[in-house]
Amino acid sequence: MATSTTAVPVADIAGGRSESQWQIVVRRFRKHKIAVFCLWLLGAMLILSALAPVLAPFPRDEPNLKTRFVPPFTTDEQGNFRVLGTDHLGRDFFTRLLYASRVSLGTALIATIISSVIGVVLGMLAGYFGGWVDTLISRILEVVATFPIFLLLLILSSILVQNINSVPLPEFFVRFLAWIFTVSEREARGIFAVILILALFGWTSTARLMRGMVLSVRENVYIESARALGASNTRILSKHIFPNSLPPMIVDFTLGVNGTLVAESGLSFLGYGIQDPTPTWGNMLAFAQSYMFQHPWMPLIPSLPILIASIAINYIGDGLRDALDPRQRI
Amino acid sequence: MATFLIRRLFQMLIVTIVAAIISYGLLYLVPGGPLDALLTERQNSGANRIDDEDIKRVQARFELDLALPVRFSRWLIGWPNGPLFGSLGADWAVGCATPQQVKLTYPDGRVEFITEGCADTVTLAELEGRKVSRGVFFGDFGVSQVILRDRPVTDLIMTRLPYTLYLMGASVALAILIGVPIGVYSAVKQYSRFDYIMTTVAFIGSSLPSFVFAIFAILIFSILAKQAGLPYLPSGDAVGTRDIVIPLIGLVEVGSFLDRFLRFLMPCTVLTFISLAGWSRFVRGSMLEVLQQDYVRTARAKGVREQMVVIKHALRNSLIPFVTLLAGVLVTIFAGATITETVFNWPGIGRLFVDALNRNDYNVVMALVFVNVVLLLVGILITDILYTLVDPRIRLS
């Protein structure tokens, strides 16, 4: 198999079926039945939330005091059928849930993408170049590890959320978020703040993992031969080191999305995350909690999606871990 | 060992100060603050019961009229408390009691007041005779600014600490007592049905956000059970406010042991379940690794009974990495579980932190952050030292 550097594809020599790396991964992933099911489930959630403006039967946050606390699957006084009922202000739960999925899943995805990119780049630099770059980055990682992260997270978000309009944020990104989440720019600023905070606290574990990966990958003979052939640092990093340390990063990213999702709902649940007119699973649950004694069905509506999404993402991560690890027999 | 300790203590000092500067700066650099509640009260009081003099006095009491670095240093080490070295810099301005109001008249007739400069500065000499805390480094956290105005923060923390200690202590102890045997059994019977069920439960438990789990618990054991006429659990607080009658259990008097116990049951179970997953998974992984070691095979080959192999040879060695978790446990037990305590209205440290943050009681927030950082650092130090004790191959350097 060491002949894979020649121009002739291995499969042609063997005369067998040619299969790329990713096809192998997909084939192995499909053996994990629960993970495949969870992927479909999450995909369905994403599609539903992407189609929110089309599917939503009512305006997102139009209060209607005549139709408060309508239970699910019933028709309210005004003759509107409410699939999931209405909340404490008479807003349609199904509509808000669609938008909330969009905000919650989108926030988690964007924040994790940002923190993963920062973590991967810094981890790669630290692991590959060593020296003072490594010392600096490792020291930062060490210091951050001794901070009470959750408390700082709460402090930072309570401050940012209170003063969001006086914080300078890049306008194009605010507009981009407003477009993605179909919210006003004012709401987009709030979402942006939460994304920033989550990304700020999320990159360290990725950086640590990436640094470790790069440290082991760069000792391989193929890196040495690439250097002997005169490849530049940029080329070695992008063509050899990055692809070879990617598999654990993919798993880390998946689990990171779950962590961020839970952190965002936790923040919003405590009132420090995304604020009310913008629906998220967390802040919907916070309101539902205050009325759960009179209307026990209310907390179920925002909490079931959190539960499903969270478990689904974890199983997908589990499936990916098995599929990407060549030592694992499945 | 001595050089290691000195270097580590020095590092810990620096990290503590950095963490304190960051959180102090974050809190005080933004608009709003401990005076917000008072100012709102003044706006609503109409008849001017709170006047500017009062505001100024409260401001001086909480040091809010001092420049941030001076305020921070007084908070941290209780210095400067007067002119430096007895006489130096008595008239140096270190703060501003009343900001200067400048009236701007625009050409088009609009009038606007802006604050610029300072009308009444505070000098170092004026700091003499002011009440000052001895400084956080010497164990004085100052006074609470909003929640229990003008009472020591330490008092406030001490009223909440017992609740957090017994809730967190019990749940951590339970999680270890249940989690370790589960982990050991799963590892010994790897890929059995028990192992499969336990890993799945642990998997779901670790991915479940605590507040969702807590709300489900309230929903099932308080609300639905009560509606169905079954014995139910009270949904919040550590002590009730009035006697209740629970079916089959009978009258529950306020403040009785039964009352406290019933209210303690649900938060404790939720916290235990959530950390149980982590513990059992940790022990399982560590056990699986140890069971493959040569010395375990040797022990089996010598004819040691399987039970002895598992307990004496494998379990003892698999518990070595356990020590690494100690650092986290120390902080967890002190800091409580912010979200779970909030959901169950449990009057512990975690909820105190959220309350203090909500009401801008910055001295309380800072005290909790400070204690947390110190505990975490001490935990890490203890872990490192313990590690060399349990595993002689590791040396401190």
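Description of the structure in this document. A quick note: this is a predicted structure, and the numbers were derived from the prediction, not measured. (Residues numbered from 1 in each chain as written. Chains lettered and ligands numbered in written order. Predicted model: local features only at pLDDT ≥ 70, side-chain atom pairs only at ≥ 80, totals over all residues. Heavy atoms only, no water.)

**Concerning the overall build of chain A**
Piece 1. The helix and strand inventory of chain A stands at 14 helices and 2 strands.
Piece 2. Referenced to the eigenvectors of the C-alpha coordinate spread, the extents of chain A come out at roughly 75 × 50 × 35 Å.
Piece 3. Taking all 330 residues of chain A together, 49% fall into the buried category.
Piece 4. Considering only intrachain contacts with a sequence separation of at least 6, the fraction spanning at least 24 residues in chain A is 69%.
Piece 5. Summing over all exposed atoms, chain A offers an accessible surface of approximately 16100 Å²; the carbon and sulfur share of this is 66%.
Piece 6. Here chain A contributes 26 positive and 21 negative side-chain charges, whose respective centroids are spaced 6 Å apart. (Helix = DSSP H or I, 4+ residues; strand = E, 2+ residues; numbered from the N terminus. Buried < 20%, exposed > 50% of the residue type's maximum accessible area, 1.4 Å probe, protein only. Contact = heavy atoms within 4.5 Å. Areas by Shrake-Rupley, 256 points an atom, 1.4 Å probe, with all protein chains shown as cover. Lys, Arg positive; Asp, Glu negative; His and termini not counted. Charge placed at Lys NZ, Arg CZ, Asp CG, Glu CD.)

**Topic: the pattern of salt bridges**
Piece 1. On inspection of all chains with the given rule, the structure shows 23 salt bridges over all chains.
Piece 2. For the salt bridge of arginine 57 of chain B with aspartate 54 of chain B, the shortest nitrogen-to-oxygen distance reads 3.1 Å. Here the residue arginine 57 of chain B and the residue aspartate 54 of chain B both occupy positions in helix α3 (residues 52-61), the gap between them amounting to 3 residues, near one helical turn.
Piece 3. Overall, arginine 57 of chain B belongs to the exposed group, its relative accessible area being 55%.
Piece 4. Across the salt bridge formed by glutamate 63 of chain B and arginine 74 of chain B, the nearest N and O atoms sit 2.7 Å from each other. With glutamate 63 of chain B in the loop between α3 and α4 (68-77) and arginine 74 of chain B in helix α4, this residue pair connects regions lying 11 residues apart in the sequence.
Piece 5. A cluster of three or more residues bridged by salt bridges with shared partners is formed by Asp87, Arg91, Arg96 and Asp276 of chain A. (Salt bridge = Lys/Arg side-chain N within 4 Å of Asp/Glu carboxyl O.)

**So, the packing of aromatic side chains**
Piece 1. One pass over the full model with this rule turns up 23 aromatic pairs over all chains.
Piece 2. Judged by centre distance (5.7 Å) and plane angle (40 degrees), the rings of phenylalanine 173 of chain A and phenylalanine 176 of chain A are tilted. With phenylalanine 173 of chain A and phenylalanine 176 of chain A both in helix α8 (residues 171-180) and 3 residues apart, the pair spans about one turn of that helix.
Piece 3. An aromatic cluster of at least three residues, connected via ring pairs, comprises Tyr24, Tyr28, Phe72, Trp75, Phe137, Phe141, Tyr362 and Phe370 of chain B.
Piece 4. Lying over the aromatic face of phenylalanine 58 of chain A, arginine 82 of chain A brings its terminal NZ or CZ to 4.1 Å of the ring centre.
Piece 5. Above the plane of the ring of tyrosine 106 of chain B lies arginine 110 of chain B, whose end atom (NZ or CZ) is 4.4 Å from the centre. (Phe/Tyr/Trp six-rings, centres within 6.5 Å; stacked < 30°, edge-to-face > 60°. Lys NZ or Arg CZ within 6 Å of the ring centre and 35° of its normal.)

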